[in-house]
Amino acid sequence: MKSRGINKNFSAVAVDALATVVFKGEKGSVALIKELNNLTGGQISSIISSGEFSGEKGESALLRYKAAKGKSGRVLIVGAGEKVKYKAPEVAVAAGHATRKLRSLGLKSFAFAPRAEGNTVEVAAAAAQGAVTSQFDLDKYKTKDKDEKAISSIVVYLEGAKPADLKLGLDRGVIIGESMNFARDLANEPPNILTPSEMAKRAQAMAKETGLKCEILSEAQMKKLGMNSLLSVSLGSEQPAKLIVLKYTPKKNTGAKGELLSLVGKGVMFDTGGISLKPGEGMDAMKYDMSGGATVLGAMRAVGMLKPAIPVLGVVGCVENMPDGKASRPSDVVTAMTGKTIEILNTDAEGRLVLADAVAYAEKQGATRIIDMATLTGAVVVALGHLNTGIMGNDQELVDEVIKAGKAVGEGFWQLPLEGYESEVKSDIADVKNVGTKRRAGTIAGALFIQEFVDKAKWAHLDIAGTAWADGAKPHQSKGPTGVAVRTLVNLIENSN
Ligand code: BES
Ligand code: MN
Ligand code: ZN
């Protein structure tokens, strides 16, 4: 999608439609709304005063007018809710809503006036990101009835803004939006196509495009390193496990000496549960069990393109969890890379087995801060539903940093405690067991298990099982993979130094 910024003459742009937001309870006295109201012969004030349009989020109204040379013009207004709560995240939603709406009409271009106060770069980036991510769809594998409609160009209007800031923001927003879509495409891929090897290939291709270093560790290499916890998950699969390692090194590192941030992702390409087999109903959803890994690849893609000032290491453990004569069984004991022994009591608690060795590997590569992300537990969906990602960690500063970075871009993280629950993962016969006790505190038990494999690094764990997939469509977003946490991590990285 092409993007361009303008700082004056909104209604004079040559596009298929003009779009802006109207707030809840707004009467239309602002200059821009007045201008559009006049253009449309008073239609805006008329639908507001009649109560047909109230400015609630999710509302929209398309108005037509006679433009020059007998052409017909379009104005789209979208509801933006309360003005005091309208910040960059809401701009992204409004821009996405407008994009999807106008695209459905078969239009190709539009101009969007976000009407947000505040930082030009931030607002322009949000508008571009929202427009880009709104166009993601699930129909990649349809050969018929595929919706080919697309908005190919957006003009963002911020009155009086510096052109350089506008351009910087728009370019940034497009990169972040496309990186989210990159992650979403991976999460949407069927597991017969996106095997661990294919995921590794896509990471390599992405690294080549964005200038990241990429190394793929084979099973033999992982075996040498003692990664028997990760490898145990893969024993039942015909598909060899792969460890994806991506490295970004800035030209000029403004971070503290010796500091290295690492993003670590769960890449379970498909989770049948293994010998602790899952019920058949709904098992198809487990193709998105690699969403944590997809988020890492998406965030690293943005990092490679945005070139922040700190180094970042990306690690994704890719496996397929299958039942088989060679698969591991409940009660098996394996020794992880750190030397800790693990009693596998449930082969369906496989994500933590993958992450145990992946976080240990990251720390061995010099990571001083680790953020891992995973569709780890069904329990987090019970606790937080689909609105907030569960966050836990061993360092409150890092946890707070993620929460803050998320707030700024509109992604919610809610912390659960770890302190006092440590005994949940103690095993009778080995150092740790891979499940908690009964069904209690399942999300916490998952995090505590991973924590056992972090040595000195500051660490935060994101349980995205409830937030990585949307069961329904929204006006600004298709149903399906959300690309959750890509925006947050990019924001955190850009604000780290
Ligand atoms: N991938 C699942 C978690 C999951 C469940 C993600 C639902 C998305 C939606 C994970 O590997 C798993 O099976 N976890 C078990 C852990 C249990 C056996 C301790 C779970 O949550 O039931
Ligand atoms: Mn599982
Ligand atoms: Zn899983």
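A brief report on the enclosed structure follows. (Residues numbered from 1 in each chain as written. Chains lettered and ligands numbered in written order. Predicted model: local features only at pLDDT ≥ 70, side-chain atom pairs only at ≥ 80, totals over all residues. Heavy atoms only, no water.)

1. A few points about the coordination of the manganese ion (ligand 2)
For the record, the criterion: Water is absent from the atoms considered, so a metal site may look incomplete; donors are defined as N, O and S atoms within 2.8 Å of the metal, or 3.2 Å for Na, K and Ca. Geometry is assigned from donor-metal-donor angles: four donors are tetrahedral when every angle falls between 85 and 135 degrees, four are square planar and six octahedral when opposite donors sit over 155 degrees apart with all other angles between 65 and 115, and any other arrangement is irregular. A run of DSSP states H or I qualifies as a helix once it reaches four residues; a run of E qualifies as a strand once it reaches two. Both are numbered from the N-terminal end.
At the metal site, the manganese ion (ligand 2) is ligated by Asp271 (OD), Asp348 (O), Asp348 (OD) and Glu350 (OE), and these contacts range over 2.0 to 2.2 Å. For the manganese ion (ligand 2), the six donor atoms are set out with angles of 71 to 166° between them, so the coordination reads as irregular. Mapped onto the sequence, the donors of the manganese ion (ligand 2) take the spacing D-x76-D-x1-E. Here the manganese ion (ligand 2) and the zinc ion (ligand 3) are spaced 3.2 Å apart, linked through Asp271, which binds each one. In this pair, Asp271 sits in strand β9 (residues 261-271) while Glu350 sits in the loop between β12 (341-344) and α10 (351-364), placing the two residues 79 residues apart along the sequence.

2. A closer look at the packing of aromatic side chains
Here is the rule: Classification of ring pairs uses Phe, Tyr and Trp, with its six-membered ring standing for Trp, and accepts pairs whose centres are within 6.5 Å; under 30 degrees between planes counts as stacked, over 60 as edge-to-face, and the remaining range as tilted. A 1.4 Å probe rolled over the protein chains alone gives each residue an accessible area, and that area as a share of the maximum for its type sets the label: buried under 20%, exposed over 50%, partly exposed in between. Definition used: whenever NZ (Lys) or CZ (Arg) falls within 6 Å of the ring centre and also within 35 degrees of the ring normal, the charge is taken to sit over that ring.
Within the structure shown, the criterion is met by four aromatic pairs. Seen in terms of ring centroids, Phe449 and Phe453 are 5.2 Å apart; in terms of plane orientation they differ by 45°. Their pairing is tilted. What makes Phe449 buried here is its relative accessible area of 0%. Exposure remark for Phe453: the relative accessible area of 2% places this residue in the buried category. Lys340 extends its terminal NZ or CZ atom over the ring of Phe453, reaching a point 6.0 Å from the ring centre.

3. Quick word on the sheet that holds β12
Put simply, the test is: For two strands to be treated as a pair, DSSP must find at least two bridges joining them.
The strand order across the open sheet formed by three strands is β11-β12-β16, and the pairing between neighbours is mixed. Lying at the two open borders of the sheet, with one neighbouring strand each, are β11 (332-335) and β16 (432-433). In the sheet, β12 pairs with β16 via two bridges, with the strands oriented parallel. Residue pairing in the sheet places Ile342 in a bridge with Val432 of β16.

4. Quick look at the site of ligand 1
Under the convention used in this document: Consider each residue's heavy atoms; a residue with any of them within 4 Å of a molecule or strand counts as near. Within 3.5 Å is the distance limit for a polar contact, defined as a pair of N or O atoms, with the added protein rule that one can donate a hydrogen and the other accept it, and that residues adjacent in sequence qualify only through two side-chain atoms. Classification convention: Asp, Glu, Lys, Arg as charged; Ala, Val, Leu, Ile, Met, Phe, Trp, Tyr, Cys, Pro as nonpolar; all other residues, Gly among them, as polar.
As a structural note, the neighbourhood of ligand 1 is formed by 16 residues, with Lys278, Asp289, Asp348, Glu350 and Gly378 the closest of them. Within the side chain of Lys278, a nitrogen or oxygen atom sits 2.9 Å from an oxygen atom of ligand 1. Asp348 places a polar side-chain atom, nitrogen or oxygen, 2.8 Å from an oxygen atom of ligand 1. Residue classes in the shell around ligand 1 are distributed as five nonpolar, four polar and seven charged.

5. Description of unusual backbone geometry
Note on backbone geometry: most residues besides glycine have negative phi, and most peptide bonds are trans. Its identity as a non-glycine residue notwithstanding, Lys307 has a phi of 50°, on the positive side. Take Lys307: it is sitting in the loop between α9 (291-306) and β10 (312-321). Within the chain, Ala441 stands out as a residue other than glycine whose phi angle is a positive 45°. You can see Ala441 is positioned in the loop between β16 and α13 (442-451). Taking relative accessible area as the criterion, Ala441 reaches 28% and is therefore assigned partly exposed.

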